[in-house]
Structures are given as structure tokens and as C-alpha cells.
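# Architecture and fold: a report
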Amino acid sequence: VNSRQHPLEIPPPSGKDWPKEEEENFFLLDPDRKRDVLPQPFRMIHKLVMQVFESAVEIIEKREMLREAQKRKAQPIKCFPTAEFQVTERANCLAVSGKYIFVGLSVGLAAFNRCDLKDVCAWDAAQTEICAIHASALGNECHVLLAVDEMGLAWLFCFHKESFLLIKVLNEVEDISQRSPCVEVVLSRGGDYAGILLQGNTEAWLEIYQLPKDSWLTEMEENSGAAEELAGSERRSSSSSVGPFLLQELPVPAIQDDIKLDPPELLLTVRPPKPITGTTFKGPLDALKEVGDGSTLGLGYNHLIKDSQWELQEAIFCSTYQEYLEAEGVTKEEMPRYATFHFLLPSRILMGPEMEAEPDIPVGIGVHWYGNHNFCLYLLNPSLKDKAGSDLKPDVVWPCAAPIACSAVSSCSRYLALAGEDATITIWDKHLGYPLSVTAILEERFIRSIHFL
């Protein structure tokens, strides 16, 4: 029997069961404040996740904007090759002239027909690697080629009737130690002139050749008939020996040794401008003897600068600014070893009103040497060949404020673009002789090449 010792009573309410004011007004509270009572790791993780989410949204928005901007731009046309042709060796360079494509290979030259992309002929007699090639059409299915091999030899070819004919190696000498390698070749449009840049041990110079293309065309026409008769006789003899069922057309020989063309004529030899030096006269009287018109004033003792004075001035300058020269790493000025040159058509600057010339044949060349401020123009005058031993002076000098980095001439040869080392491009009207525009680019940029479109 369970007997109660105390009467039944209602227990008093506990504190946790009391109603809270927050629960009554829960719809007025900020839900983010509930996270404040959570421990620190949860709040940190939540903050990092929200940052990642916001950055992802920003990246998505930027990509969408870039995609929309890309859609609004004009899409470039994608070009795919329509045909291809295989070469037997490694191809280093190519040139197009007329309906033929000339390819410089690791063992010689190859010619392909541009219409059907078939191999026409090849030249590998010297087994030399061709590194650069230029070609120009002479007319009557005749083309002139100027190639440079790995040893720096400049090869001059004539391509006629699908065959190569070696005319001459322009810089070939008997003593190999005296050979000057060729580093640049330029062929004028139409094949009237050819220029090569040669580098010796201590200097560099340009050689401009006049190509006798008229005599080449005449010689080729005269020998084409004889070559066809010889090929026909070879076909008839081969067909009679092998039988009528094995008759095949023999290929035209790639090299015609029986044809000898006239070699090109050396027209000009252009050397870089010499630096300023002292006078070669021993005294004022020797200098006065060279003055023909007698326009002199005084004895001239204070007007002659000798080599010793230049050397003394250079020594004083170096001793005064020695620390700056060492900091900048300034070395002694050397003769330029590289040049850029262009063949120029007739213009008022190069020709006078009394001179006559054909509009499509170059009458001069424009040259600028590396590190030089002047763009020099030379006339392609045949009479200048008599002055081969003397220093050739430019007919026109185009000075620039900064050393010329690169240059370009328009296809019509009227406009000249000069880019200086100070990142300034100047467009000149060569016919009238004044600048059309001057464009300055950022000074931190160095212009390496410039072209007309």
C-alpha cells in the first residue's frame, strides 16, 4: 500500500518555460542576427563562402559582357588552304613570279606550277641550302631569280621554258678567305637591277648590278628553237630503241649548259658614310692650292682641324664624363655593318626637268645605314661606273632628327616612310619633297619594320 506523506501540489513554472518577448515579435527581427550567436568558425566559413559566390558572379557578368561585345564585332573571315604541294626536302623560303612558285630547299631550288601545283623542275647541282630567294618576271615566260645560300653566296639564275640556268655567282672569288658573304639581296620590279649587301671583316658595302635582260630574252628565243629540235631528236631515238608500247615523253632538262648568257654589269658600289676626321693637308698652303676660285680669307691657321686635335678632344671628353660612359656602357663608334636599300622610280627629287626616263624602270636607290640619321639617294647613272675607285657621294641626302630604324617605299615609289629610333614615323612625298604626316608612338616601343598596304 502506497501511502502519500505530502498532499498533491502544482509545481511552480520554471524559467525556461516563461514566454519570451523575442518569440512574440519574431517577424520583426533580422534573420542574419541569428548567425551572430553561432560560434566563430561558422561565421568565418559563411563569410568566405559568400565572398567566393560574389566573385564568381562578377566573373560571370564580365564574361557575359565580353561575349556580347565580341558578338557585336565583325567576325574575321577564316581562310583554309584550297590546295597543297609536297616538297622532297625542307623548304626554307619561296617566291612567286608569274605562274610559277620558286621554293628554296635544303639542297637547291624547285619550281612549281601555280595552276596545278605540279613539280616543274629542280636545281641541285651545287647541293647548297638556299636561305633567301627573290624572283621577277622578265617577260616572254622568262624569270630572273636571285638567291642566297647558307655560305653567303649570291646566285643569279634565269628560268626559261621550265628550266633553270645559272648565270653567275655574284660574290664568288678564287680565294675563299677573301670571300665577303652576302646578307641581303633586293631585285627591282621588272628585273632591270639587282642589289646585294656584302659584309667584310671590318666593313660593309652595297653592290648594284645592271641586268642585261634584253640580251637574255634575245638569246633565249634564239636557243629555244634549237633546244626543241634537240629534244625531238632525243624522243625519236629513244622511241625507236624501246619500242612503240613504251613510248614516254622525256622531261625537259633542268639545266641548259649549252646556253651562255651575258653576265650582269657592276654599276655602283655604295659604302657607308665615313665619320668626321681631321684634314689630310699638312698646312694652310696645301689647302689653299686646292681652292680653284681663290675665295679665301686669311691664312687659315685657325680653320684646319687635324687628327691630333680630334684625338685630344675625344680624350678630354672621355676623361670628363668617364663615370657616365662606364655606367651607360658606351663603346667606341664602329662603322655600320647593315643597310636597308630600295630601288626608286623616277621623281622630281632624283631627276631634273631635262632628264628623260621610262616610268617603270628605276632611276635610283635609297639607302640608310644602321644607326645613321641620313637617308641617302643615289642615281643609277651608267657613267658613274668610271668612278668605281673613288668614294661615291649621294646625290640627295634626307636628314632625320633621330637614327633611322627602318624604312619603306610605296609600290608607286612616290611615298617614303621613315621610322626613327625615337618611335616617330614620318611619311614623305618623294616627288614634292615635303612630309605628309608625322606619327609618334610610345617611347618604350622600338619599330623594327614598316610596310605600305
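In case you missed it, the structure is sitting above this.
Description of the structure in this document. All figures in this text were calculated on a predicted structure; none of them were measured in a lab.

### Notes on the packing of aromatic side chains
- Tallying each qualifying case throughout the model produces 12 aromatic pairs.
- Summarising the aromatic geometry, the rings of Phe-102 and Phe-159 are spaced 5.0 Å apart at their centres and angled 80 degrees between planes, so their arrangement reads as edge-to-face. Remark: Phe-159 occurs in strand β7 (residues 154-160) and Phe-102 occurs in strand β2 (residues 100-105); sequence separation between them is 57 residues. There is no split in this pair, since Phe-102 and Phe-159 are both buried.
- In textbook terms, an aromatic cluster arises when at least three aromatic residues are bridged by ring pairs, as seen for Tyr-100, Phe-102, Trp-123, Trp-155, Phe-157, Phe-159 and Phe-164.

### Overview of the side chain of Asp-149
- Here Asp-149 lies in strand β6 (residues 142-149).
- Buried charge without a partner: Asp-149 forms no salt bridge, and the closest opposite charge is Arg-179, 6.6 Å away.
- At 3.2 Å, the side chain of Asp-149 forms a polar contact with the backbone nitrogen of Met-151.
- A polar contact is formed between the side chain of Asp-149 and the backbone nitrogen of Leu-153, at a distance of 2.7 Å.
- With residues near it in sequence (within four places) discarded, Asp-149 still touches Thr-128, Glu-129, Ile-130, Cys-131 and Trp-155.

### Topic: the environment of Gly-104
- Assignment of secondary structure puts Gly-104 in strand β2.
- Considering only alpha carbons, one finds Gly-104 and Ile-133, 29 residues apart in sequence, at a separation of 6.7 Å.
- Those residues in contact with Gly-104 that lie beyond four places of it in its chain are Arg-90, Ala-91, Asn-92, Cys-93, Leu-109 and Ile-130.

### Structural notes on the nonpolar core
- Grouped together as the largest cluster of nonpolar side chains are 25 residues, with contacts concentrated most on Leu-156, Ile-196, Trp-216 and Leu-261.
- Broken down by secondary-structure element, the contributors of at least two residues to this core are β6, β7, β8 (164-169), β9 (182-187), β10 (193-199), β11 (204-210) and α3 (213-242).
- Looking at this core element by element, the count peaks at 4 residues for β6.
- Filtering out sequence-adjacent residues up to four positions away, Ile-196 remains in contact with Leu-146, Ala-154, Leu-170, Cys-182, Glu-184, Val-185, Trp-205, Leu-206, Glu-207, Tyr-209 and Phe-341.
- Grouped together as the second largest cluster of nonpolar side chains are 19 residues, Tyr-193, Leu-197, Phe-341 and Ile-365 included.

### What to know about unusual backbone geometry
- The phi angle at Glu-141 is positive, at roughly 60 degrees, despite the residue not being glycine.
- Tracing the sequence through the fold places Glu-141 in the loop between β5 (130-139) and β6.
- Positioned with a positive phi, Ser-413 is a non-glycine residue whose angle comes to about 65 degrees.
- In this fold, Ser-413 is placed in the loop between β17 (404-409) and β18 (415-420).
- The class of Ser-413 is buried, set by a relative accessible area of 3%.

### Remarks on the sheet that holds β8
- Spatially, 4 strands are ordered β5-β6-β7-β8 in an open sheet, and the strand pairing comes out antiparallel. Each edge of the sheet is formed by a strand with only one pairing partner; in this case those strands are β5 and β8. Pairwise comparison of adjacent strand axes, ignoring direction, gives a mean angle of 25 degrees for this sheet.

### Some points on the pattern of salt bridges
- Within this structure, the stated rule accounts for 5 salt bridges.
- With a closest N to O distance of 3.3 Å, Arg-271 and Glu-203 form a salt bridge. Taken together, the residues span a long stretch of sequence, with Arg-271 in the loop between β12 (265-270) and α4 (284-289) and Glu-203 in the loop between β10 and β11 at a distance of 68 residues.
- In this structure Glu-203 comes out as partly exposed when scored by relative accessible area, which is 34%.

### Here's the deal with the pairing of β7
- Burial within β7 is extensive, with 7 of its 7 residues counted as buried.
- A two-sided burial pattern is seen for β7, the buried positions comprising Ala-154, Leu-156, Cys-158 and His-160 on one face and Trp-155, Phe-157 and Phe-159 on the other.
- Judged from the 7 bridges that link them, β6 and β7 form a sheet pairing that is antiparallel. For Ala-147, the partnering residue across the bridge sits in β7 and is Trp-155.
- Between the antiparallel neighbours β6 and β7 lie 4 residues, among them Gly-152 with a positive phi of about 85 degrees.
- Sheet analysis places β7 next to β8, joined by 5 bridges and oriented antiparallel. Bridge assignment links Phe-157 to a residue of β8, and that residue is Leu-166.
- Once β7 ends, the chain turns through 3 residues before running back antiparallel as β8, passing Lys-161 with a positive phi of about 55 degrees.

Definitions and limits used
- Residues numbered from 1 in each chain as written.
- Predicted model: local features only at pLDDT ≥ 70, side-chain atom pairs only at ≥ 80, totals over all residues.
- Heavy atoms only, no water.
- Phe/Tyr/Trp six-rings, centres within 6.5 Å; stacked < 30°, edge-to-face > 60°.
- Helix = DSSP H or I, 4+ residues; strand = E, 2+ residues; numbered from the N terminus.
- Buried < 20%, exposed > 50% of the residue type's maximum accessible area, 1.4 Å probe, protein only.
- Lys, Arg positive; Asp, Glu negative; His and termini not counted.
- Salt bridge = Lys/Arg side-chain N within 4 Å of Asp/Glu carboxyl O.
- Polar contact = N/O pair within 3.5 Å; in protein donor to acceptor, adjacent residues only side chain to side chain.
- Contact = heavy atoms within 4.5 Å.
- Core = buried A, V, L, I, M, F, W, Y, C linked by side-chain atoms within 4.5 Å.
- Pairing = 2+ DSSP bridges.
- Axes fitted to C-alpha atoms, helices over the stretch in contact; angles between N-to-C directions.

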